[in-house]
Amino acid sequence: MKVWLIAGGAGYIGGHVVKSMHDAGEGVIVVDDLSTGSRDNVPEGVPFVQESILNGEALRKVFQEYEVEGVINMVARTQVGESFTRPLDYYQQNVEGFRVLLAAMRQAGVRNLIYSSSASVYGAPDVDLVTEDLPCHPMSPYGQSKLIGEWLGEAAHTAFDMSVVNLRYFNVAGAVTPAMADKRVLNLVPMVFEKLTHGRAPVIFGGDYDTPDGTCIRDFIHVADIASAHLAAARHLRAHDDAVLRTYNVGRGEGVSVRALISMICEVSGLSIPPVVADRRPGDPVKVVADARPIQRDLGWKAQHSVFDMVASAWEGWCAQHPQARAVQRQV
Ligand SMILES: NC(=O)c1ccc[n+]([C@@H]2O[C@H](COP(=O)([O-])OP(=O)(O)OC[C@H]3O[C@@H](n4cnc5c(N)ncnc54)[C@H](O)[C@@H]3O)[C@@H](O)[C@H]2O)c1
């Protein structure tokens, strides 16, 4: 059976992509060094190889052992803040790792690639809806490394006739099962959960932006929708023999303000502490919302989950990991 090799498939988003493709009957195998991922994120019955994509020899063996139809590269160091203090580590994993993976793909004659990119490649776009043709000005070593990844894929497309789909995810949260929830406290949703669970007020950075409620606007998307975009991309690549190079935003195409999201979190969790407004954070763009029409037009993909579903599923995951959250919830 032909398989998709999912590099980084034991991670938070990777685990959801693997499950979605496996459940849909696609053959998948996972290569992951478990540096930030967990073996538990890989469903039973999916072959798992614990290796770094920096190990070209190990990759060559995997390509020899399996009939690989395409590769989904989800490997990355992902923390924007940390990327400023450990930029070389970020370039090594996100750029050099990808280069080694591409070299192994080329040697094995594997031509289909789906690459996990990010809205962070845009930087701080001053537009109502972010379209894929906007100039990219990433503002962190992390964002730069993701953009270089897109360039590497483009170069492989041009030089080796590879078919490449770059998926630029917007603000991802939620989980398909509580056990698959993101364990890190890196983005707004878990940050607010953490505050509320400890009886503290959530913080809004900047309440005087030129938006209806004065707070920044983002495009939040359920991780299950991110996962289904990969399935759509894989099937699109299978259906096209000619080498393609495509880049798509993966968002809901609708903005939610930070204040509105915090209200929703309070509603879902039953824990309500009015947020406090702190100074703006330097570099925070006012509004980043995807134009999600191209991916719908070309791949037939559209987000199916509401932001409320996303928050509710993230809360279930949070409670599974933090039993005291349920206890606090029962007290109010
Ligand atoms: N989480 C988000 O909101 C978000 C937004 C936009 C883009 N992305 C992109 O999505 C992808 C997945 O992110 P995530 O949030 O699931 O992070 P994650 O840390 O949970 O997943 C990354 C996975 O890659 C593995 N890995 C790291 N270095 C490796 C190496 N050298 N060889 C093999 N495996 C290695 C890790 O063990 C982990 O399982 C990343 O490429 C990230 O840049 C994430």
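Because the structure is a prediction, the values reported are computed rather than measured.

What follows is about the sheet that holds strand β9 (residues 217–218). Each strand in a sheet pairs with its neighbour through backbone hydrogen bonds, running either in the same direction (parallel) or in the opposite one (antiparallel). In space, the three strands of this open sheet follow the order β12-β9-β14, with mixed pairing throughout. Each having just a single partner strand, β12 (256–257) and β14 (287–288) make up the two edges of the open sheet. In the sheet, β9 pairs with β12 via two bridges, with the strands oriented antiparallel. Each bridged residue has a counterpart across the sheet, and for Ile217 the counterpart in β12 is Ser257.

Assigned domains within the protein chain: domain 1 (3–172 + 221–250) and domain 2 (174–218 + 252–331). Placing a centre on the C-alpha atoms of domain 1 and another on those of domain 2 gives a separation of 24 Å. Counting from both sides, the interface comprises 35 residues of domain 1 and, opposite them, 32 residues of domain 2. Taken together, both faces of the contact between domain 1 and domain 2 bury some 2,900 Å²; the carbon and sulfur share is 63%. Counting the surface domain 1 buries against domain 2, the share from its top three residues, Tyr12, His222 and Tyr248, is 21%. Taken together, the connections running from domain 1 to domain 2 amount to one salt bridge. Asp128 serves as the salt-bridge partner of Lys287, at 2.6 Å between the closest nitrogen and oxygen.

Attention now goes to the pairing of strand β4 (residues 68–73). β4 sits mainly inside the fold: six of its six residues count as buried. Note that strand β1 (residues 3–7) and β4 share five bridges and pair parallel. Residue pairing for β4: Leu5 is matched across the bridge by Val71. Note: β4 against strand β5 (residues 112–118), four bridges, orientation parallel. Directly across from Val71, in β5, lies its bridge partner Leu113.

Reading guide: rules and limits
Residues numbered from 1 in each chain as written. Predicted model: local features only at pLDDT ≥ 70, side-chain atom pairs only at ≥ 80, totals over all residues. Heavy atoms only, no water. Pairing = 2+ DSSP bridges. Helix = DSSP H or I, 4+ residues; strand = E, 2+ residues; numbered from the N terminus. Domains from an automatic or database assignment. Contact = heavy atoms within 4.5 Å. Buried area = accessible area lost by both parts, 1.4 Å probe. Salt bridge = Lys/Arg side-chain N within 4 Å of Asp/Glu carboxyl O. Buried < 20%, exposed > 50% of the residue type's maximum accessible area, 1.4 Å probe, protein only.

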